[in-house]
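Chain by chain, the residues:
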Amino acid sequence: VQLQASGGGLVQAGGSLRLSCAASGRTFSSYAMGWFRQAPGKEREFVAAITWSGGSTYYADSVKGRFTISRDNAKNTVYLQMNSLKPEDTAVYYCAAAPLELLLNRLSNYWGQGTLVTVSS
């Protein structure tokens, strides 16, 4: 599976962005998908994950209620809708594909290249 993330950019605090991650490979729909982020000088952290069916979602406490993860298996794409953005959301965001238990333990079989989100105050 190859992953290509897009949609990052510069936004003011309180604004919104939607990240997309396009996957290639016939096994996309069999993997859970996740988003992680890494701010400068910090470790990569889990943001959100979604099961292969899209039936269950998981979020870090820091983004719960503001971010929504979704997927379209027909388009081999996973999304991260980010609302009410805060300066502390500034980071490089990575998409990932793996069994759910790996994602929830901050691990993954496959990683996208990352897209930068900058939130100005």
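Just so you know, these numbers come straight off a predicted model, no measurement behind them.

A.B. asks: Residues and numbers for the overall build of the chain, please.
C.D. replies: The number of helices and strands found in the chain is 1 helix and 11 strands. In the chain, the order of α-helices and β-strands from amino to carboxyl end is β-β-β-β-β-β-β-β-β-α-β-β. In terms of C-alpha radius of gyration, the chain reaches 13 Å, essentially the compact-globule figure of 14 Å for 121 residues. If you line up the chain on its principal axes, its C-alpha atoms span 40 × 25 × 25 Å. Buried residues in the chain amount to 44% of all 121 residues. By sequence separation, contacts in the chain at least 24 residues apart represent 57% of the contacts at least 6 residues apart. When the 11 positive and 7 negative side-chain charges of the chain are each reduced to one mean point, those points stand 5 Å apart.

A.B. asks: Residue-level account of the nonpolar core, with values.
C.D. replies: One finds Trp35, Leu80, Met82 and Tyr93 to be the most contacted residues of the largest nonpolar core, which totals 38 residues. Broken down by element, the residue count for this core peaks at 6 residues, all from strand S9 (residues 91–98).

A.B. asks: Tell me about the sheet that holds strand S3 (residues 17–24), residues and numbers included.
C.D. replies: In spatial order, the strands read S1-S3-S8-S7; together these 4 strands make up an open sheet with antiparallel pairing. Edge positions in the open sheet fall to strand S1 (2–6) and strand S7 (67–72), since each of these has one partner strand only. Across the sheet, the mean angle separating the axes of adjacent strands is 15° when strand polarity is ignored. Note: S3 against strand S8 (residues 77–82), 6 bridges, orientation antiparallel. Bridged to leucine 17 within S8 is methionine 82.

A.B. asks: Give a detailed account of the pairing of S9, specifying residues and quantitative values.
C.D. replies: Along S9, 7 of the 8 residues are buried, which leaves the element largely enclosed by surrounding structure. In this structure, strand S4 (residues 32–38) lies alongside S9, joined through 7 bridges in antiparallel fashion. Within the sheet, the bridge partner assigned to glutamine 38 lies in S9 and is valine 92. Taken together, the 3 bridges between S9 and strand S11 (residues 115–120) define a ladder with antiparallel strand orientation. Bridging from a neighbouring strand, tyrosine 93 pairs with threonine 115 of S11. When S9 meets strand S10 (residues 110–111), the two strands line up antiparallel, connected through 2 bridges. Within the sheet, the bridge partner assigned to alanine 97 lies in S10 and is tyrosine 110.

A.B. asks: Outline the pattern of salt bridges, supporting the account with residue identities and numerical values.
C.D. replies: Where charged atoms from two side chains of opposite charge come close, those side chains can pair. All told, the structure shown has 5 salt bridges when counted by the stated rule. Between arginine 37 and glutamate 45 there is a salt bridge; the shortest N-O distance is 2.5 Å. In this structure, aspartate 89 engages arginine 37 in a salt bridge whose closest nitrogen and oxygen atoms are separated by 2.9 Å. You can see aspartate 89 sitting in the loop between S8 and S9 and its partner arginine 37 sitting in strand S4, a full 52 residues away along the chain. Each of Arg37, Glu45, Arg66 and Asp89 takes part in one network of salt bridges that share partners.

What counts and what doesn't
Residues numbered from 1 in each chain as written. Predicted model: local features only at pLDDT ≥ 70, side-chain atom pairs only at ≥ 80, totals over all residues. Heavy atoms only, no water. Helix = DSSP H or I, 4+ residues; strand = E, 2+ residues; numbered from the N terminus. Rg over C-alpha atoms; globule rule 2.2 N^0.38 Å. Buried < 20%, exposed > 50% of the residue type's maximum accessible area, 1.4 Å probe, protein only. Contact = heavy atoms within 4.5 Å. Lys, Arg positive; Asp, Glu negative; His and termini not counted. Charge placed at Lys NZ, Arg CZ, Asp CG, Glu CD. Core = buried A, V, L, I, M, F, W, Y, C linked by side-chain atoms within 4.5 Å. Pairing = 2+ DSSP bridges. Axes fitted to C-alpha atoms, helices over the stretch in contact; angles between N-to-C directions. Salt bridge = Lys/Arg side-chain N within 4 Å of Asp/Glu carboxyl O.

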